[in-house]
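Understanding the architecture of this molecule
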Amino acid sequence: MASSEVKIVKAEADVITELCSLLEERSKAAIEREDVFKVGLSGGSLVKFLSEGLPNIETDWSKWRLFFCDERVVPTDSADSTFGEYKNKLIGTVPITEDQFIKIDPELSAEAAAKDYIQKMAVWFPPDSLPRFHILLLGMGPDGHTCSLFPNHRILDETSVWVSPITDSPKPPPSRITLTFPVVNNAECCVFAVTGAAKADMVKRILKDKEESLPASRVRPSDGKLIWIVDKAAASKM
Ligand SMILES: O=C(O)[C@H](O)[C@@H](O)[C@H](O)[C@H](O)COP(=O)(O)O
């Protein structure tokens, strides 16, 4: 891995500020280099962090293309849809349009949606090589999962498929698609935004005890930067 950094900040508001200033910096550099900024979004509290923090940054929004690190295979108007959450909470707070999101087709089965998503991703990345995102925005569950990569799941060992279906997610809803580690660890930058005391045990296990088997600890970009932005509550057992 090229480099890693752990930023422990006071509170959730500071996590949001750090995360969004990183996005401002990284988006400007990517847009200057390639005239596009390809970001992978997670669901959960990240939706709140980005909806609150992104209106404060300076960037060329028209160059953003927003992909999903994972997505639930449910209708977009379902409360469980990550795109649905971003549609309701981010579109309109920043000047991006629905067609800037590269979305799954939730009408398909998880297996077909994963294959379909690979085709949709392939439009944005050079052929014959792994997709290399400018940045992947990651959350971490209290069990150490990230994306929809859950502890001891067979998907953790996928070595070539870019996007995998999962139909037995321990975190509801059960049917999802997820980026796999080959793509996650090929990103230019992976950033975790983690807050709250409920994550403190897992943050300690990963960042202090250096446990290597947990999905979130297996995020190690081979030629990229790994950043953890953690508030004091989540870092309270470090
Ligand atoms: O769609 C999902 O479920 C997310 O992508 C998932 O991986 C999330 O990032 C973690 O579960 C942490 O969620 P919180 O930050 O809300 O705890």
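Right, let's walk through the structure included here.

Cut-offs used in this document
- Residues numbered from 1 in each chain as written.
- Predicted model: local features only at pLDDT ≥ 70, side-chain atom pairs only at ≥ 80, totals over all residues.
- Heavy atoms only, no water.
- Helix = DSSP H or I, 4+ residues; strand = E, 2+ residues; numbered from the N terminus.
- Buried < 20%, exposed > 50% of the residue type's maximum accessible area, 1.4 Å probe, protein only.
- Contact = heavy atoms within 4.5 Å.
- Areas by Shrake-Rupley, 256 points an atom, 1.4 Å probe, with all protein chains shown as cover.
- Lys, Arg positive; Asp, Glu negative; His and termini not counted.
- Charge placed at Lys NZ, Arg CZ, Asp CG, Glu CD.
- Axes fitted to C-alpha atoms, helices over the stretch in contact; angles between N-to-C directions.
- Parallel < 35°, antiparallel > 145°, perpendicular 65-115°, else oblique.
- Nonpolar A, V, L, I, M, F, W, Y, C, P; charged D, E, K, R; others polar.
- Near = heavy atom within 4 Å.
- Polar contact = N/O pair within 3.5 Å; in protein donor to acceptor, adjacent residues only side chain to side chain.
- Arc of directions from axis to C-beta.

Once that is clear, we can look at the overall build of the chain. Summing up its helical and strand segments, the chain has six helices and nine strands in all. Referenced to the eigenvectors of the C-alpha coordinate spread, the extents of the chain come out at roughly 40 × 40 × 35 Å. When the 238 residues of the chain are sorted by exposure, 53% land in the buried category. Contacts spanning at least 24 positions in sequence make up 76% of the contacts within the chain whose residues lie at least 6 apart. When the accessible surface of the chain is totalled, it reaches about 10,200 Å², and 50% of it is carbon and sulfur. Taking the average place of the 29 positive charges on the side chains of the chain and the average place of its 35 negative ones, the gap between the two points comes to 4 Å.

In contact at an axis separation of 9 Å, helix α1 (residues 12–34) and helix α2 (residues 45–53) are set at 70° when each is read in the N-to-C sense. Viewed along their axes, α1 and α2 adopt a mutual orientation that is roughly perpendicular. Of the residues in α2, those touching α1 at E12, V15, I16, L19, C20 and L23 are L46, K48, F49, L50, E52 and G53. The residue makeup of the contact of α1 with α2, split by class, is eight nonpolar, one polar and three charged.

In the vicinity of the ligand lie 15 residues, with S45, D70, H145, C147 and K199 positioned nearest. The separation between an oxygen atom of the ligand and a polar side-chain atom of H145 is 2.6 Å. Here C147 contributes a backbone N or O atom positioned 2.6 Å from an oxygen atom of the ligand. If the ligand stood free it would expose 420 Å²; the protein chains cover 90% of that surface.

Looking at helix α6 (residues 200–208), one finds that the buried residues are A200, M202, V203, I206 and L207. In an axial view of α6, the angular spread of the buried residues amounts to 155°, which keeps them on one side of the axis. Packed against the buried residues of α6 are β1 (3–9), β8 (189–194) and β9 (225–231). Residue K210 follows α6 closely and has a positive phi angle near 60°.

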